[in-house]
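# Reading the structure
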Amino acid sequence: MTQYLPEISIVVPGYNEARNLRPLVGRLIPVMEDLGAPFEVVFVDDGSRDETLEILRELNAFDPRICAISFSRNFGKEIAIAAGLDQARGAAVVIMDADLQHPPEVIPQLVEKWRDGYKNIYGERLDRATDPRLRVALTRVFYRIIDHFGDVALPEGAGDFRLLDRQAVDALLQMREKARFNKGLFAWIGFKTIGVPFTVEERAFGVSTFNFTRLARFALDGLMSFSSIPLKMWAYAGILISGFALAMAAWFFVKTMILGVDVPGYASLIVSIAFFSGVQLLSLGVLGEYIARIFAEVKGRPLYLVAERIGGEKAKS
Ligand code: UDP
Ligand code: MG
């Protein structure tokens, strides 16, 4: 039996993308065939509730270069990408969304940069016209914060649409952390990096699953995985507040010496008690968030569970 060894793997995470799969494959396959390199398409069905899995079976029967992993439940896009990378066999791996927001026609440009020697090539979104205004604004604030306080510099406009060299993929495979923030991981690994501009298209069918809470959770994961500032800032806050309290003590001492005891002050007392209880609970909450993440790591559960594999030769989980 001769083994088909792909040079390029396309990893596509998908959650309830049944209607987008055929249009995606219809555009992707011709682009890849034009490129001439042996390729495979690795779909990761992230516990979809629609016909995604059935369609993946049909696609694999029709073209064995298309294979799939199906999760036992929804684990989230970041973990689906990790599973796709586990499965991919290519010397280069392209990651793209299933909803056609990442145009397959850009892949040859990514591959060209790869052939030029780049190892971490990201699609650089030219505009975010397809995203709601509030999301764009909040995203910008988040990136400012990460840029300022995080351990990694995230390139502007970089998303998950990218090509990674095998070396970069192997580096990512070593990182089995549970609270995954891929954008940060991609930046963290380094390697020769370059952006290729592309225009984000409208989602073909369906709606984005990233609602406000999910995005907020995701942002928090990003911040906490790549910065310990939320933990440390309480030390600074503590120093400031204690300094202020000492100054107040001195002031009251002098005032009492000169003017005698002065009883009023109920309002300021209650306000400061309430305020500082709030500060304490907040800092405890931040501690809790980090401990929850430590707890998740310590349990050492697998990143994901596979319910079914369709095609693909690399058997691994
Ligand atoms: N996705 C996934 N698991 C999820 C949510 C999303 O694999 O739990 C996939 C989804 O099918 C799509 C990609 O991640 O291929 C991007 O998701 P979406 O279009 O909902 O997000 P947006 O484009 O708004 O960032
Ligand atoms: Mg989308």
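You'll find the chain entered in an unreviewed UniProt entry as Glycosyltransferase, with Methylocystis heyeri given as the organism. Under Subcellular location (unreviewed entry), UniProt gives the following word-for-word description of the chain: "Cell membrane".

Attention shifts here to the pairing of strand β1 (residues 8–14). A large share of β1 lies buried, amounting to 7 of its 7 residues. Burial of the side chains of β1 extends over both faces: I8, I10, V12 and G14 are buried on one face and S9, V11 and P13 on the other. In terms of strand pairing, β1 meets strand β2 (residues 39–45) through 7 bridges, oriented parallel. For I8, the partnering residue across the bridge sits in β2 and is F39. Taken together, β1, helix α1 (residues 18–35) and β2 form a β-α-β motif whose crossover is right-handed. Where β1 and strand β4 (residues 92–95) come together, 4 bridges link them in parallel fashion. Considered in β4, the bridge of I8 is made with A92.

A separate point is the packing of helix α5 (residues 133–149) against helix α8 (residues 212–226). Running from N to C, α5 and α8 point in directions that differ by 10°, and their axes come no closer than 11 Å. Classified by the angle between their axes, α5 and α8 sit roughly parallel to one another. Touching R135, F142, I145 and I146 of α5 are L215, A219, G222, L223 and F226, all from α8. For the contact of α5 with α8, the class distribution of residues is 7 nonpolar, 1 polar and 1 charged.

The next point concerns unusual backbone geometry. Where the residue is not glycine, phi is negative for most of them; where a peptide bond is considered, it is trans in most cases. Unusually for a residue other than glycine, L100 sits at a positive phi of about 70°. In this fold, L100 is placed in the loop between β4 and α4 (107–115). Within the chain, F191 stands out as a residue other than glycine whose phi angle is a positive 70°. Residue placement: F191 occurs in the loop between α7 (182–189) and β7 (193–198). Accessibility expressed as a C-beta count within 10 Å gives 14 for F191, which makes it partly exposed.

Turning our eyes to something else, we now look at α1. The terminal C-alpha atoms of α1, which comprises 18 residues, lie 26 Å apart, in line with the 26 Å expected from a rise of 1.5 Å per residue. At L24, α1 shows its strongest bend, of approximately 25°. Elements in contact with the buried residues of α1: β1, β2, α2 (52–62) and β3 (66–71). Looking one or two residues beyond α1, the residue adopting positive phi is G36, at roughly 85°.

Conventions used here
- Starting afresh in each chain, residues are numbered from 1 along the sequence in its written order.
- Here chains are named by letter from A upward and ligands by number from 1 upward, in the order in which they appear as written.
- Local features are withheld for residues below a pLDDT of 70 in this predicted model, meaning they are given only at 70 or higher, and side-chain atom pairs are given and counted only at 80 or more; totals for whole chains, interfaces and linings count all residues.
- UniProt positions are given in the numbering used here, feature names are shortened, and annotations may be inferred rather than shown by experiment.
- With C-beta atoms placed from the backbone, a residue counts as buried when 20 or more other C-beta atoms lie within 10 Å of its own, as exposed when 12 or fewer do, and as partly exposed for counts between those limits.
- Where helices and strands are cited, they refer to DSSP runs of H or I of at least four residues and of E of at least two residues respectively, numbered from the N terminus.
- DSSP-based pairing: two strands are paired if at least 2 bridges between them are found.
- We call a crossover right-handed when, viewed with both strands directed away from the observer, the connection leading from the first strand over the helix to the second proceeds clockwise.
- The angle between two axes is taken between their N-to-C directions and runs from 0 to 180 degrees, where each axis is a line fitted to C-alpha atoms and a helix contributes only its stretch in contact.
- For classification purposes, angles smaller than 35 degrees are called roughly parallel, those larger than 145 roughly antiparallel, those between 65 and 115 roughly perpendicular, and all remaining angles oblique.
- Any two residues are considered in contact once their C-beta atoms, placed from the backbone, lie within 7 Å.
- Under the grouping applied here, Gly and all other residues not named as nonpolar or charged are polar, the nonpolar ones being Ala, Val, Leu, Ile, Met, Phe, Trp, Tyr, Cys and Pro and the charged ones Asp, Glu, Lys and Arg.
- Every helix has an expected span of 1.5 Å times one less than the residues it contains.
- Bend, at a single residue, is the angle you get between axes fitted to the 7 residues ending at that residue and the 7 residues starting at it.

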